[in-house]
Amino acid sequence: MSSPNLALLSEMQSIPRATSLERATRSLAELVADLGPMQEAVDISDLLAGLAHAIRREVGADAVLVSRYDQQRDLVCDGGASVLAPATLNFVAEEYSLDDYPATRQVLDTGKALEISVSDPEADPSETRFLSDYGFSRSLVCRLVHSGAPFAIVEAYRTEDRPFRHDDSARVDVLCA
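Parameters and conventions
Residues numbered from 1 in each chain as written. Predicted model: local features only at pLDDT ≥ 70, side-chain atom pairs only at ≥ 80, totals over all residues. Heavy atoms only, no water. Helix = DSSP H or I, 4+ residues; strand = E, 2+ residues; numbered from the N terminus. Buried < 20%, exposed > 50% of the residue type's maximum accessible area, 1.4 Å probe, protein only. Contact = heavy atoms within 4.5 Å. Areas by Shrake-Rupley, 256 points an atom, 1.4 Å probe, with all protein chains shown as cover. Core = buried A, V, L, I, M, F, W, Y, C linked by side-chain atoms within 4.5 Å. Pairing = 2+ DSSP bridges. Axes fitted to C-alpha atoms, helices over the stretch in contact; angles between N-to-C directions. Phe/Tyr/Trp six-rings, centres within 6.5 Å; stacked < 30°, edge-to-face > 60°.

Student: Even after reading the chapter, I still don't get the overall build of the protein chain, so can you show me in this structure?
Tutor: Looking only at helices and strands, the protein chain has 6 helices and 6 strands in total. Its helices and strands taken in sequence order, the protein chain reads α-α-α-β-β-β-α-β-α-β-β-α from the N to the C terminus. Looking at the 177 residues of the protein chain, the share that counts as buried comes to 36%. Summarising the internal contacts of the protein chain: among those between residues at least 6 apart in sequence, 51% fall at separations of at least 24. With the model as given, the accessible surface of the protein chain reaches about 10500 Å², and the carbon-plus-sulfur share is 54%.

See the structure below:
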């Protein structure tokens, strides 16, 4: 190893590392700060936007979209979002027929979270097209339940095709509870 690399390594080793307790305390403080605005929500859109923001930060996503489920019309409708620039989502709430998104329907029906990558040749083409249209490479799709019934879909997006952590869907469930 060259001497500049050794100097850098030595410098890195002297940087104090946060303990598990310090990381957990910081994470809890951030979570409380994220959830605070949800308590002040005046309507369901505010509440869902606050939830989207908390989930985006918790799972390290570039954007999160929470779409309400309309069982009668068999569709989902954008309800709240959180986007970290330079990522973008649509500016107008849109409705999506579940006939066009069978993977989303599967998540609503089973409650089993689904991770979708544009590089997966077996992924639902409608889902990968949506990802590509908005400049994303990966999504984590989870179900939000209210009073024992599916209420919404939560979609966390990443611009990089980087997998979500194995427990990210459980983290989404906790925030949605």
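That was the structure; now back to the text.
Student: Please explain the nonpolar core as it appears in this structure.
Tutor: Note that soluble globular proteins tend to have their nonpolar side chains buried in a common cluster. Val76, Leu89, Leu108, Ile116, Phe136, Ile153 and Tyr157 are the most contacted members of the largest nonpolar core, which totals 20 residues. Among the secondary structure elements, those contributing two or more residues to this core are β1 (63-70), α4 (102-110), α5 (125-133) and β6 (149-158). Once you skip the residues sitting within four places of it in the chain, Tyr157 turns out to touch Ala61, Asp62, Ala63, Leu65, Leu89, Phe130, Leu131, Phe136, Arg138, Ser139 and Phe164.

Student: Explain the sheet that holds strand β4 (residues 114-117) here, please?
Tutor: Pairing between the strands of a sheet is mediated by backbone hydrogen bonds and can be parallel or antiparallel. The antiparallel open sheet is built from 6 strands, whose spatial order is β3-β2-β1-β6-β5-β4. Of all strands in the sheet, those bounded by a partner on one side alone are β3 (95-97) and β4. The sheet shows a mean angle of 30° between the axes of neighbouring strands, direction not considered. Against the sheet, α5 engages β3, β4, β5 (138-146) and β6, with an angle of about 60° to β4. Of the strands in this sheet, β5 and β6 are in contact with helix α6 (residues 168-176), which crosses β5 at around 35°.

Student: Can you help me understand the packing of aromatic side chains in this one?
Tutor: The description of an aromatic ring pair rests on the distance of the ring centres and on the angle between the ring planes. This structure, assessed with the given rule, holds 5 aromatic pairs. Both rings, one in Tyr96 and one in Phe130, keep their centres 5.8 Å apart while their planes meet at 85°; by these two values the pair is edge-to-face. Here the residue Tyr96 occupies a position in strand β3, and Phe130 occupies one in helix α5, the gap between them amounting to 34 residues. Residue Tyr96 is classed as buried on the basis of its relative accessible area of 12%. Here the aromatic rings of Phe136 and Tyr157 are separated by 4.9 Å at their centres, their planes lie at 20°, and the arrangement is stacked.

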